[in-house]
Amino acid sequence: MKELLDQVDRRQLVLLMGGLVLLIVVAIGNYLVAPEVKKYRKEARSLEVIEGMMRNRRDASSEIADLSRQIETIRKEIHGELPEMPLKQLEAFIMGQLQKISWQNNVELNNVKPGFNQSILIFQEISLSVDVSGQYFDIHRWMWSLSQELGFMVIKQFDINPIGFVEKDPPLKLQMNIVFYREADK
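From a predicted model like this one, the values you see are computed outputs, not experimental measurements.

1. A word on the pattern of salt bridges
Taken as a whole, this structure holds 4 salt bridges when the rule is applied. As a salt-bridge pair, R141 and D138 come within 2.4 Å of each other at their nearest N and O atoms. Separated by 3 residues within a single helix, R141 and D138 lie in helix α5 (residues 136-150), roughly one turn from each other.

2. Focus on unusual backbone geometry
Look at N106: it is not a glycine, yet its phi comes out positive at around 60°. Along the chain, the position of N106 falls in the loop between α4 (87-104) and β1 (108-114). A relative accessible area of 58% means that N106 is categorised as exposed. Backbone geometry places D169, a non-glycine residue, at a positive phi of 50°. Note on placement: D169 falls in the loop between β4 (154-162) and β5 (172-183).

3. Digging into α4
Taking 1.5 Å per residue as the helical rise, α4 with its 18 residues ought to reach 26 Å, and the 26 Å between its terminal C-alpha atoms agrees with that figure. Considered for burial, the residues of α4 that qualify are L87, L90, E91, I94, Q97, L98, I101 and S102. Within α4, the buried residues cover an arc of 135° as seen down the axis, which keeps them to one side. For α4, the exposed residues lying more than 90 degrees away from the buried face are K88 and W103. Taken together, the buried residues of α4 touch β1, β3 (123-134), α5 and β5.

4. Digging into a nonpolar patch on the surface
Judged by side-chain polarity, M17, L20, L23, I24, I28, Y31, L32, V33 and V37 come together as a nonpolar surface patch covering roughly 890 Å² of accessible area. Mapped onto the elements of the fold, I24 is located in helix α2 (residues 10-56). With relative accessibility at 46%, the residue I24 sits in the partly exposed group.

Cut-offs and rules
Residues numbered from 1 in each chain as written. Predicted model: local features only at pLDDT ≥ 70, side-chain atom pairs only at ≥ 80, totals over all residues. Heavy atoms only, no water. Salt bridge = Lys/Arg side-chain N within 4 Å of Asp/Glu carboxyl O. Helix = DSSP H or I, 4+ residues; strand = E, 2+ residues; numbered from the N terminus. Buried < 20%, exposed > 50% of the residue type's maximum accessible area, 1.4 Å probe, protein only. Expected span 1.5 Å × (residues − 1). Arc of directions from axis to C-beta. Contact = heavy atoms within 4.5 Å. Patch = residues over 30% accessible without salt bridge, like charges linked within 9 Å, V, L, I, M, F, W, Y side chains within 5 Å. Areas by Shrake-Rupley, 256 points an atom, 1.4 Å probe, with all protein chains shown as cover.

What follows is the structure, given as structure tokens:
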């Protein structure tokens, strides 16, 4: 071994040893230190989030209450005020809501007739044929109130015509088929 070392130039030996030490330092840094630094940074970020919550003095129960209110708001946007009840009772409830909305918007509800209800995939379709009459802006408010009170619906057929031959702002008759969807009974 000594003979081998004698053959190697001293500068080459120093460079070889320096390269070996550098390689060991890089390996230690890459495989031992770097993962721990990443873990430390991740935990530091988690600590910042927790400290931020503590600074705002918001506890988990108030956060859960806020999220519950948001969920309820979204549920009302999708389903409106439609309660969970059997199909025939739900049809009667919707008809009652149509009458209430008509009274609130100065629109006359002439006719409401249940249509053909069917199941589509995982949804149950509730179809109604509705006839109303009133002034244009009253009918417009009525339709907006309908979507607010009863939630998401599809208008499958829509026909609006003037009643009589009044030249300025004639009363209108609206005939439409509306469809509501809810999750089918399991």
